[in-house]
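Topology and contacts: notes
Residues per chain are reported as follows:
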Amino acid sequence: MRIGLLGFGVVGRGVYELTAPRDDMTVAKVVCLEDVTLPDAQVTKDFKDVLNDPTIDTVVEAMGGLHPAYEFVKAAIEAGKHIVTSNKALVATFYDELIPLAQEKGVCFRCTAAVGGGIGWLSELERARRMQTIEKVGGIMNGTCNYILDSMTRLGLGYADALKQAQQLGYAEANPTTDVEGIDTWHKVILSSNVAFGIRLDTATVPVAGISRIQATDVENFTAHGLVCKLISTGKCKDGKISAYVQPTLVKQGEPESAVPANYNLITFVGSASDRMSFYGQGAGRYPTAYNVVQDCADVLLGKGFYSPCGEKVAAENTDTLCYYVRGGMDAWLQENTAETWGDAVITKPVSVEAMHRWLKDQPEAFIAALAE
Ligand code: HSE
């Protein structure tokens, strides 16, 4: 395999290093805008040097962001090159277009590092769905948010200090809003649901609430009630009906999710034969992420295409009812749905996920967290 590597940042450099000792794959060209010199690969600023090189059979995209990653990946597929990418925003956003295109052109498209960094999550979902129906996917999918919530809970750090540390450690995206507003987790649960259920989720029907409004008083409230706040994603398929959402969630101390430290991820599927299977590990960082990119390259060498068929477009129907912790934004709807009070926050009666997120859209200050089922 001769690889054209797009991007030489955290992940790209890791891919270069991890492929260097291998006989079965070679990074032949690197596209990057910085002045980098490599002993054994040509460095270029022009993607066409990769696109028009017939000796390059595989493009590894490690640039991140939507543009020009989308244009480059699409052109590479059209030129008959296999794709390996760690870019969850790209795959979740352009799933409808890129996956069918890759299948039409007969090229492999792998993106295991896009969810869970170094965890073999999508590749295991691919195996899991060969012999059972997947009923549920989700869990802790963002290292930055987990780092912030864990630092606030266990170390008593303030939100801003915890975020700063996560950025310094290289976990956060270039724009950390993507992490703390839950968008990164949203991309990951959309992609996981598509693979697990063999569908194409209508992304506009998947609501997301992040952690940016959490305060130290909320954390004190949770601890006093034996609860730990985590940013949890959920994708479910029951009787052909899909629900999918991302929200801060209060789990009981002692539950596996409550104990996940620092930047780690804990991702779970529930299958009709296997029941609950959870995957724990480094969800971000150079070598864990590059590890899964190189694993994907090895799978491309085995001829493995995408993980599951690109099924029908489906809207999520988030009719599940949950109780929520809500601080801020008291109004008639919230008053009517309040079951009890915790300090300056309230706990709601069971309300649908859809109704809670619809209410939150008009609340610039409120923080919500679901009580785990
Ligand atoms: N910013 C992401 C995280 C990186 O914190 O999990 C891995 O997708």
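Preceding block: the structure.
Anyway, here's the lowdown on the structure attached to this text. Predicted, not measured: the structure shown is a model, and the values here were computed from it. Sequence order sets the numbering: in each chain, residues are counted from 1 along the sequence as written. The predicted nature of this model means local features are confined to residues of pLDDT at least 70 and side-chain atom pairs, given and counted, to a pLDDT of 80 or more, with totals for whole chains, interfaces and linings taken over all residues. The basis for every side-chain value is the complete set of heavy atoms in the structure, and neither hydrogens nor water enter the calculation.

Let us look at empty space enclosed by the protein. If a probe the size of a water molecule is rolled over the atoms, the empty space left behind becomes visible. Only protein atoms enter the 1 Å grid, on which a cavity is a set of points fitting a 1.4 Å probe that cannot get out and a pocket is an open set with protein on both sides within 12 Å along at least 5 of 7 lines, lining residues being those with an atom within 4 Å of a point. Grid points are joined across faces, edges and corners, and a volume is the space filled by probe spheres set on the points. On inspection of all chains with the given rule, the structure shows one cavity of 30 Å³ or more. In this structure, the largest cavity occupies an estimated 30 Å³ of space. In this structure, the largest cavity is lined by Ile140, Met141, Asn142, Cys145, Asn146, Leu149, Thr185, Lys230 and Leu231. Among the secondary structure elements, those contributing two or more residues to the lining of the largest cavity are helix H7 (143–154) and strand S9 (227–238). The leading source of residues in the lining of the largest cavity is H7, at three residues. Only runs of H or I of at least four residues qualify as helices and only runs of E of at least two qualify as strands under DSSP, and these elements are numbered from the N terminus.

In this analysis, axes come from line fits to C-alpha atoms, helices being fitted only over the stretch in contact, and the angle between any two N-to-C directions falls in the range 0 to 180 degrees. It is the contact of H7 with helix H8 (residues 159–168), at a shortest axis distance of 9 Å, that shows an interaxial angle of 135 degrees. Considering their axes alone, H7 and H8 lie oblique with respect to each other. Classified by chirality, the crossing of H8 by H7 is right-handed. Contacts between H7 and H8 involve Thr144, Tyr147, Ile148, Ser151 and Met152 on the former and, on the latter, Tyr159, Ala162, Leu163, Gln165 and Ala166. Here the contact of H7 with H8 is built from residues that sort into seven nonpolar, three polar and no charged. Any angle that is under 35 degrees is reported as roughly parallel, and any over 145 degrees as roughly antiparallel; angles of 65 to 115 degrees are reported as roughly perpendicular and all others as oblique. Take the far helix as your reference; a near helix turned counterclockwise from it by less than a right angle gives a left-handed crossing, and one turned clockwise gives a right-handed crossing. In what follows, residue pairs with any heavy atoms lying within 4.5 Å of each other are defined as contacts. When residues are grouped by polarity, Ala, Val, Leu, Ile, Met, Phe, Trp, Tyr, Cys and Pro land in nonpolar, Asp, Glu, Lys and Arg in charged, and all others, Gly among them, in polar.

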